[in-house]
Amino acid sequence: MKNIIHIAFILLCFLGTAILVTSCGKGKNTENNQNDNNNESKNEVKTIYTGEFNADSAYMFLEKQVSFGARVPNTPAHNLCGAYLVSVMSRYADKVYEQKATVTVYNGTSLPLHNIIGVFNPNQKRRILLTAHWDSRPFTDQDDKDKFKAVLGANDGASGVAVLLEIARLLKQYPIQNIGVDILLNDVEDYGAPDNYKPEKEDTYCLGSQYWAKNPHVKDYTAEYAIVLDMVGGKNATFYREQVSDEVARALVDKIWNKAAQLGYGIYFLNEKGGGVTDDHLYIHTLAHIPAIDIIDHNPSRPKGFPEYWHTQRDNMSNIDKNTLKAVGATVYAVLREL
Ligand SMILES: [Zn+2]
């Protein structure tokens, strides 16, 4: 992903759907079922166990991805990690789709693409899409030297996938009845042209989500919302209300930032305007017409917006914090359960 320099974004639709809010407390929901038989009324309280987002489990998923090395498309580490992600997703999802295709990157090179989609509740019409990229960047172009080493991508890539795999584990153990969830692990997100590359080209990032948006895993696929997670495991992370997200899905941004505050994660989720970012949400919205938001560690007051180790060799395990994984995972999971 990269910073957006110019945004002339038109608000295409408002979401007028009221979202019912129920209590999610400490890992369980309660529902009141009122039965009225022969003028006898009784209140029955049904407890639904929802589990809790486990940061240790998410950390393990993150560490495992990083153990393969940089997941640069068309390398052995990428192939091995792809097979690992398919095996984990197959354990949890009702159905797994793999999209394999060839895409052309900024310099004209053709690369294999491998999107992995885990489907939960395939027959449910009402759907939510969750996505993160699983590839890592082929060069550390934000470093001063050695710019042609690959990014390990502990935060930029592996963190978002780790949170989604932990959510997949919870969805298997504690299924949600009233919505279907699709988890898209998208590929070739971070092969965008280096800064100052000439000739300048548009849309060189997010090739996996662009491909998926034009060729969804199910014909005529749509979802009520899409949520992108990117760089969601860093120390001292800050998640501002990203500009495009606020324009296309303000109701969902409100809901997530309010839920984070309610759960005590307001220190991470700052309820303030952030800058615009070119990321998967942009293409999912413009190409697949799904209102999409981005939860991303981006702070408009930082020199680069992103953390200082972004697209450098320092994007490694030393900058990962389980507390950040927990804040993001628990918040998104709680919102999912309340839709
Ligand atoms: Zn990146």
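Residues numbered from 1 in each chain as written. Predicted model: local features only at pLDDT ≥ 70, side-chain atom pairs only at ≥ 80, totals over all residues.

**Re the overall build of the protein**
Reasoning step 1: Scanning the protein from N- to C-terminus turns up 8 helices and 12 strands.
Reasoning step 2: Within the span of the protein, comprising 339 residues, buried residues form 48% of the whole.
Reasoning step 3: If you take every contact in the protein between residues at least 6 apart in sequence, the share linking residues at least 24 apart comes to 77%. (Helix = DSSP H or I, 4+ residues; strand = E, 2+ residues; numbered from the N terminus. Buried ≥ 20, exposed ≤ 12 C-beta atoms within 10 Å, placed from the backbone. Contact = placed C-beta atoms within 7 Å.)

**Looking at the packing of helix α1 (residues 55-67) against helix α3 (residues 154-173)**
How two helices sit against one another is set out by the angle between their axes and by the gap between those axes.
Reasoning step 1: Close contact between α1 and α3 brings their axes to 8 Å; oriented N to C, the two are set at 135 degrees. Regarding the angle of α1 to α3, the classification is oblique. For α1 against α3, the interelement crossing comes out right-handed. Together, Ser-57, Ala-58, Phe-61, Leu-62, Gln-65 and Val-66 of α1 and Ala-154, Ala-158, Ser-159, Val-161, Ala-162, Val-163, Leu-165, Glu-166 and Arg-169 of α3 make up the contact between the two elements.
Reasoning step 2: Each residue belonging to the contact of α1 with α3 can be placed in one class, and the counts come to 10 nonpolar, 3 polar and 2 charged. (Axes fitted to C-alpha atoms, helices over the stretch in contact; angles between N-to-C directions. Parallel < 35°, antiparallel > 145°, perpendicular 65-115°, else oblique. Left-handed = near helix turned anticlockwise from the far one by under 90°. Nonpolar A, V, L, I, M, F, W, Y, C, P; charged D, E, K, R; others polar.)

**So, the sheet that holds strand β5 (residues 110-120)**
Reasoning step 1: Across the sheet, 6 strands lie side by side as β4-β5-β7-β6-β8-β12; this open sheet has mixed pairing. One side of each edge strand has no neighbouring strand; the edge strands of this open sheet are β4 (95-104) and β12 (292-296). Averaged over all adjacent pairs, the angle separating strand axes in this sheet is 20 degrees, with direction ignored.
Reasoning step 2: As paired elements, strand β8 (residues 225-230) and β12 share 5 bridges and run parallel to each other. Note that in β12 the partner of Ala-226 across the bridge is Ala-292.
Reasoning step 3: The strands that α3 touches are β5, β6 (127-133), β7 (180-186) and β8; relative to β6, the one it contacts most, it runs at about 145 degrees. (Pairing = 2+ DSSP bridges.)

**Looking at unusual backbone geometry**
Leaving glycine aside, a negative phi is the common case for residues, and trans is the common case for peptide bonds.
Reasoning step 1: Lys-198 connects to Pro-199 through a cis peptide bond whose omega is -5 degrees.
Reasoning step 2: Within the secondary structure layout, Pro-199 lies in the loop between β7 and α4 (207-214).
Reasoning step 3: The phi dihedral of Asn-236 is positive, around 50 degrees, even though this residue is not glycine.
Reasoning step 4: Note on placement: Asn-236 falls in the loop between β8 and β9 (239-241).
Reasoning step 5: For Asn-236, a count of 13 C-beta atoms within 10 Å gives the class partly exposed.

**Observations concerning the confidence of the model for the protein**
Reasoning step 1: Confidence in the prediction for the protein averages 89 pLDDT; 87% of positions are at 70 or higher.
Reasoning step 2: Residue range residues 5-41 is modelled with pLDDT below 50. Its contacts to residues more than four positions away, or to other chains, number 48 contacts. (pLDDT = per-residue confidence, 0-100.)

**Some thoughts on the pairing of β5**
Reasoning step 1: Judged by how many residues are buried, β5 sits mostly within the fold: 8 of 11 residues are covered.
Reasoning step 2: Strand direction decides the pairing type here: β4 and β5, joined by 10 bridges, are antiparallel. Note on β5: the bridge partner recorded for Val-96 is Gly-118.
Reasoning step 3: Joining the antiparallel neighbours β4 and β5 is a turn of 5 residues, in which Gly-108 adopts a positive phi near 90 degrees.
Reasoning step 4: Sheet analysis places β5 next to β7, joined by 5 bridges and oriented antiparallel. Bridge assignment links Ile-117 to a residue of β7, and that residue is Leu-184.

**A short note on helix α2 (residues 76-92)**
Reasoning step 1: The terminal C-alpha atoms of α2, which comprises 17 residues, lie 25 Å apart, in line with the 24 Å expected from a rise of 1.5 Å per residue.
Reasoning step 2: The inward-facing, buried residues of α2 contact α1, β4, β5, α3 and β7. (Expected span 1.5 Å × (residues − 1).)

**Quick look at helix α6 (residues 250-262)**
Reasoning step 1: In a regular helix each residue adds 1.5 Å, so 13 residues correspond to 18 Å; α6 covers 18 Å between its end C-alpha atoms and thus fits that length.
Reasoning step 2: Every buried residue of α6 is accounted for by Leu-252, Val-253, Lys-255, Ile-256, Trp-257, Lys-259 and Ala-260.
Reasoning step 3: The secondary structure elements touched by the buried residues of α6 are β8, β9, α5 (243-248), β10 (269-273), β12 and α8 (322-338).
Reasoning step 4: The first or second residue beyond α6 is Gly-264, which carries a positive phi of 90 degrees.

**A few points about the environment of Gly-160**
Reasoning step 1: The residue Gly-160 is located in helix α3 in this model.
Reasoning step 2: Put simply, Gly-160 and Leu-185 are 25 residues apart on the chain and 9.1 Å apart in space, counted from C-alpha to C-alpha.
Reasoning step 3: Every residue in contact with Gly-160, bar those within four places of it in the chain, is listed here: Ala-132, His-133, Leu-229, Asp-230 and Val-232.

**Focus: the packing of α2 against α3**
Reasoning step 1: One way to put it is that α2 packs onto α3 with a least axis distance of 8 Å and a crossing angle of 25 degrees. Overall, the two elements α2 and α3 adopt an arrangement that is roughly parallel. Each of Val-88, Met-89 and Tyr-92 in α2 lies in contact with α3, whose residues at this interface are Leu-165, Ala-168, Arg-169, Leu-171 and Lys-172.
Reasoning step 2: Tallied by class, residues from the contact of α2 with α3 come to 6 nonpolar, no polar and 2 charged.

**Regarding the environment of Ile-320**
Reasoning step 1: Turning to its location among the elements, Ile-320 is positioned in the loop between β12 and α8.
Reasoning step 2: For Ile-320, the residues in contact, after removing those within four places along its chain, are Leu-62, Ala-154, Asn-155, Ser-159, Gly-233 and Gly-234.

**Comments concerning the environment of Arg-337**
Reasoning step 1: Within the secondary structure, Arg-337 sits in helix α8.
Reasoning step 2: Among the residues examined, Arg-337 registers 19 C-beta atoms within 10 Å and is labelled partly exposed.
Reasoning step 3: Measuring from C-alpha to C-alpha, the distance between Arg-337 and Ile-179 comes to 8.8 Å, with 158 residues separating the pair along the chain.

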